[in-house]
There are 2 protein chains.
Amino acid sequence: MSRGVHRITMRDVAKEAGVALSTVSHFLNGTAPVSPKTQQKIIAAIERLHYRPDFTARNLKRRRTNALGLFVPDITNPFYAELARGVTDVARESGYSVILYATSYESELEEDFMELVEQHQVDGIVVSYSFLNEGLWRRLEESGIPAVLVDVYPVNDKWPSVVVDNERGIEKALSYLVSLGHTDIGYLSEPLYVLSLVKRQQAFLRFVRRKGLPLRDEWVLVEKAQKNRVEIGFTLGRRLLEAPRLPTAVVASSDLVALGALKAFLSEGVRVPEDMSIVGFDDVLLASYVHPSLTTVRQPKYEMGRTGVEYLLQFLQGRKEYPLLTLIEPILVVRDSCRERG
Amino acid sequence: MSRGVHRITMRDVAKEAGVALSTVSHFLNGTAPVSPKTQQKIIAAIERLHYRPDFTARNLKRRRTNALGLFVPDITNPFYAELARGVTDVARESGYSVILYATSYESELEEDFMELVEQHQVDGIVVSYSFLNEGLWRRLEESGIPAVLVDVYPVNDKWPSVVVDNERGIEKALSYLVSLGHTDIGYLSEPLYVLSLVKRQQAFLRFVRRKGLPLRDEWVLVEKAQKNRVEIGFTLGRRLLEAPRLPTAVVASSDLVALGALKAFLSEGVRVPEDMSIVGFDDVLLASYVHPSLTTVRQPKYEMGRTGVEYLLQFLQGRKEYPLLTLIEPILVVRDSCRERG
DNA sequence: TTGAAAGCGCTAACAT
DNA sequence: ATGTTAGCGCTTTCAA
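Since the structure is predicted, the reported quantities are computational estimates derived from the model, not experimental observations.

S.K.: What am I meant to see in the packing of helix α6 (residues 107–118) of chain B against helix α7 (residues 135–143) of chain B here?
M.R.: Packed helices, taken two at a time, are described by the angle between their axes plus the distance between the axes. Residue and element names in this part refer to chain B. Two numbers describe how α6 lies on α7: the axes approach to 10 Å, and their chain directions differ by 10°. One finds that α6 runs roughly parallel with respect to α7. For the pair formed by α6 and α7, the contact residues are E110, E111, M114, E115, V117 and E118 on the first element and L136, R139, L140 and S143 on the second. Partitioned by chemical class, the residues of the contact of α6 with α7 number four nonpolar, one polar and five charged.

S.K.: Is there a simple way to explain the pattern of salt bridges in this structure?
M.R.: Here the idea is simple: oppositely charged side chains can pair when their charged atoms come close. Tallying each qualifying case throughout the model produces 56 salt bridges over all chains. Two residues, A:R306 and A:E93, come together in a salt bridge whose shortest N-O distance is 3.1 Å. Highlighted residues: A:R306 in helix α12 (residues 301–316) and A:E93 in helix α5 (residues 78–93), separated in sequence by 213 residues. Judged by relative accessible area, which is 52%, A:E93 ranks as exposed. Across the salt bridge formed by B:R139 and B:E115, the nearest N and O atoms sit 3.7 Å from each other. Highlighted residues: B:R139 in helix α7 and B:E115 in helix α6, separated in sequence by 24 residues. Among the charged side chains, a network of salt bridges with common partners joins A:R52, B:E111, B:E115, B:E118 and B:R139.

S.K.: Would you explain the relation of the copies chain B and chain A in this entry?
M.R.: Each of the two chain copies can be generated from the other by rotation about an axis followed by a shift along it. Between chain B and chain A, which share one sequence, the superposing operator has a rotation angle of 180° and an axial displacement of 0.1 Å; the RMSD is 0.1 Å. Taken together, the rotation and translation relating the two chain copies correspond to the operation of a two-fold axis. Within chain B, B:I99 has its C-alpha nearest the rotation axis, a separation of 2.2 Å. Comparing contact sets, 100% of the residues at the interface of chain B also lie at the interface in chain A, consistent with an isologous, same-surface contact.

S.K.: Could you clarify how one ought to interpret the sheet that holds strand β8 (residues 249–252) of chain A in this entry?
M.R.: The strands making up a sheet are joined through hydrogen bonds of the backbone, oriented either antiparallel or parallel. Residues and elements named next belong to chain A. Here six strands make up an open sheet; going across it, the order is β7-β6-β8-β9-β10-β12 and the pairing mixed. Of all the strands in the sheet, the pair left with one neighbour each is β7 (220–222) and β12 (331–333). Direction aside, the axes of adjacent strands within the sheet are offset by 15° on average. Bridging between strand β9 (residues 277–282) and strand β10 (residues 295–298) involves four bridges; their strand directions are parallel. Across the sheet, the residue bridging to F281 is V297, located in β10.

S.K.: Sorry if this is basic, but what is going on with the protein's contact with DNA strand C here?
M.R.: Around DNA strand C, the structure places 25 residues, and the nearest of them are A:A20, A:T38, A:R63, B:M10 and B:Y51. In DNA strand C, atoms within 4 Å of the protein come 63% from sugar and phosphate. At 3.3 Å from a phosphate oxygen of DNA strand C is found a side-chain nitrogen or oxygen belonging to B:N29. Contacts to DNA strand C include B:Y51, whose side-chain N or O atom sits 2.6 Å from a phosphate oxygen. Listed by contribution, the elements that provide at least two residues to the surface near DNA strand C are α2 (21–29) and α4 (55–62) of chain A together with α2 (21–29) and α4 (55–62) of chain B. Examining the composition of the surface near DNA strand C, we find that four residues originate from one element, α2(B), more than from any other.

S.K.: Any chance you could explain the nonpolar core here in plain terms?
M.R.: In a soluble, globular protein the nonpolar side chains are often hidden away together inside. In terms of nonpolar packing, the biggest core is built from 150 residues, with A:L140 and B:L140 touching the most fellow members. Dropping the residues within four chain positions of it, B:L140 is found in contact with B:M114, B:V117, B:I125, B:V127, B:F131, B:I145, B:A147 and B:W159.

S.K.: When you look at the sheet that holds strand β10 (residues 295–298) of chain B in this model, what are you seeing that I'm missing?
M.R.: Residue and element names in this part refer to chain B. The six strands lie next to each other as β7-β6-β8-β9-β10-β12, forming an open sheet whose pairing is mixed. Of all strands in the sheet, those with a lone pairing partner are β7 (220–222) and β12 (331–333), marking the two edges. Adjacent strand axes in the sheet meet at a mean angle of 15° when their direction is disregarded. The strands touched by helix α9 (residues 195–210) within the sheet are β6 (185–189), β7 and β9 (277–282), with β6 carrying the most contacts at an inclination of about 170°.

S.K.: Honestly, the packing of aromatic side chains in this entry has me stumped. Any pointers?
M.R.: Aromatic ring pairs: the centre-centre distance and the angle between the two ring planes describe each pair. Residue and element names in this part refer to chain B. Counting across every chain of the model gives 24 aromatic pairs over all chains. Relative to Y129, the ring of Y105 lies with its centre 6.3 Å away and its plane at 85°, an arrangement referred to as edge-to-face. With Y105 in the loop between β2 (97–102) and α6 and Y129 in the loop between β3 (124–127) and α7, this pair connects stretches of sequence that are 24 residues apart. Comparing Y105 with Y129 shows no difference in burial state: the two are buried.

S.K.: Can you walk me through the protein's contact with DNA strand D in this structure?
M.R.: Inspection of the region around DNA strand D gives 26 residues, with A:M10, A:Y51, B:A20, B:T38 and B:R63 positioned closest. A:M10 is positioned with one of its backbone polar atoms (N or O) 2.5 Å from a phosphate oxygen of DNA strand D. Of all the elements in the fold, those that place two or more residues in the surface near DNA strand D are α2 and α4 of chain A together with α2 and α4 of chain B. Looking at side-chain class alone, the surface near DNA strand D contains ten nonpolar, ten polar and six charged residues.

S.K.: Any chance you could explain the environment of B:R62 here in plain terms?
M.R.: Residue and element names in this part refer to chain B. Note on placement: R62 falls in helix α4. The exposure class assigned to R62 is partly exposed, which follows from its relative accessible area of 41%. Taking the C-alpha atoms as reference points, R62 and L285, separated by 223 residues in sequence, lie 41 Å from one another.

About the criteria used
- As a convention, each chain's residues are numbered from 1 in the sequence order in which they are written.
- Written order decides the labels, with chains lettered from A and ligands numbered from 1.
- Reporting of local features is limited, given that this is a predicted model, to residues whose pLDDT is at least 70; pairs of side-chain atoms are given and counted only at 80 or more, and all residues count toward the totals for whole chains, interfaces and linings.
- Only heavy atoms go into the side-chain values, all of them from the structure, while hydrogens and water stay out.
- Here the axes come from fitting lines to C-alpha atoms, over the contacting stretch only for helices, and the angles between their N-to-C directions go from 0 to 180 degrees.
- Each helix is a run of DSSP H or I of at least 4 residues and each strand a run of E of at least 2, with the numbering of both proceeding from the N terminus.
- Our angle categories are set so that under 35 degrees counts as roughly parallel, over 145 as roughly antiparallel, 65 to 115 as roughly perpendicular, and the remainder as oblique.
- Pairs of residues are marked as contacts when any of their non-hydrogen atoms sit within 4.5 Å.
- Amino acids are sorted into nonpolar (Ala, Val, Leu, Ile, Met, Phe, Trp, Tyr, Cys and Pro), charged (Asp, Glu, Lys and Arg) and polar (every other residue, Gly among them).
- The rule for a salt bridge is simple: a side-chain nitrogen of Lys or Arg has to be within 4 Å of a carboxyl oxygen of Asp or Glu.
- Residue exposure (1.4 Å probe, protein chains only): buried if accessible area is under 20% of the type maximum, exposed if over 50%, otherwise partly exposed.
- Copy-to-copy superposition: least squares on the C-alpha atoms, limited to residues that have pLDDT of at least 70 in both copies.
- When DSSP locates at least two bridges between a pair of strands, those strands are taken to pair.
- Near is defined per residue: the residue qualifies when any heavy atom it owns lies within 4 Å of the molecule or strand.
- Counted as a polar contact is a pair of N or O atoms within 3.5 Å, where, for protein atoms, one must be capable of donating a hydrogen and the other of accepting one, and residues adjacent in sequence contribute only when both atoms are in side chains.
- Joining through side-chain atoms within 4.5 Å is the link that ties buried Ala, Val, Leu, Ile, Met, Phe, Trp, Tyr and Cys residues into a set, and such a set is a nonpolar core.
- Paired rings are identified among Phe, Tyr and Trp, the last through its six-membered ring, by centres lying within 6.5 Å, and are further divided according to the angle between planes into stacked (under 30 degrees), edge-to-face (over 60) and tilted (the rest).

Pasting the structure below:
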């Protein structure tokens, strides 16, 4: 397998074309004018030899890698997958590769990732996950590698952050439920491993207090273990049903949690939305394809990924025409999982 | 951002430690014995200077990139996301990065991807997608970059291929339905853009003929457009319901298609499994969390990804202890979406 | 418009 | 056990 096989280099092309090595380089990069005649010779030589520039060598010289890192906890979570799509699309359009780094919520793996960064394997990085190991933020900062945060609130004053207004999202969900006559509302959440999730829960509690709605401990369930999101929703949904008195509606910390809870309710004979209304968060694709389809708070995941990389590229080009905090207005998408209180 | 800032190199460390450049290198790589005393000096210097080896330089010298490419059509499809998890996990364990390349089923993007490969930006590649542009297989072959195929049948005699026995899977699904008394069975499929999907459909038709089951054109629906899989299932499900006579069961080409069809049925008042049985393919996580939970043919996606990379790494290490074709036995997972014919 | 030459930071002979 | 040195393939002054 091409080990040891002579690789075609620019030197070969230069020789074949009968010009200097640097002329080939200049032509390829457009860094100096090259006469049409010479151009032809070079092109012909490249064709004949099937020459392809070697990026590693180019990168060593240019002191960059042409790669961006994408740091997410779980690529099988459609929220992060959509985000990844936005990230890879913009990166590709700009000639960058994207190195995918998913931790599965394991903090030991974060260290490995930081190695990647510190060894200059990426020019910049999109962080969509709060490090569990706090010290890593400092290491990242000290590495000097440009970073952007997506779905992560600012941690310093140099890395731009793109987040949805999580509090507003929860308020919209709750206002909607209240407008349907609901007063007894529960909240089901995955682990609060990210500030966004903390804010959602806080916004829920604040709203409930402000409106003077009844609140019981058994109605606010937060999972501790880093299990699969849908499984978490299923477990919490079941647990909720054990409460001595049930709420008439629940808000979930994410769509996956909502889908799990929906399953728990339906399989226990609790009808949705007749007996229980549900609102999710994120608006993953499947939200509109479950039955009943899920009312949810939409986050523009793909766009958030795109925006993040756009900021990062601006940074790499020395332009800084972006705000430190980009707060996106979430949209309530009304579907079939909620109904007026009976 | 650290542009122009002096980067700490091995030379700096050597000077700081008062030893030769190569001694530092040898120590770091374990390529020659280094006395404890010298080791201490080097370690101290590294600490003091916050030195990190530069991978680009190392890679140029070693003529490798330490990165693997992962080529999939759609990372938001949980099948590919699970696969990606397997791929990135094994790669990480072996010190490789994974460059994610998703095409969104657009064949123009395949070209970009091939550039990546030809410019030696990856040491090897996992292909989980049949190129729409046939010529690319040849280009990949000519590039000399080691490749493995996952969920793609062999295209030559050098790249190992890891696939589930798609025919067996469909046969298991159909046998199960027949055992429940079903004779009128439909088939809903996403575009046949991959041989696996062709085989599934063929297996379906073959089985139906062999068993002498009734078959109507309106029962075998294959989408042409590259839309979202769930949407495809929803559309085909609706279309199926327009047939003058309905089958009592359907097999879907994948779980996402099955979920879409399930939604179509339920929202048209067709009960599942009472009026219609459904079997999916893949066993994505959500299959067990929809209501009713989906009976499906399981593909070990994560393991397939892992196996693929393991083969690739063997190849890169000059060992070739793997078969050209690894055919995995699919498992029928019985849940709640099928019932005996009423 | 073209060419010669000096590295980018590292590995790996080879010499000591 | 340690040091010297020649590149890896490319970009980029600087000269011609």
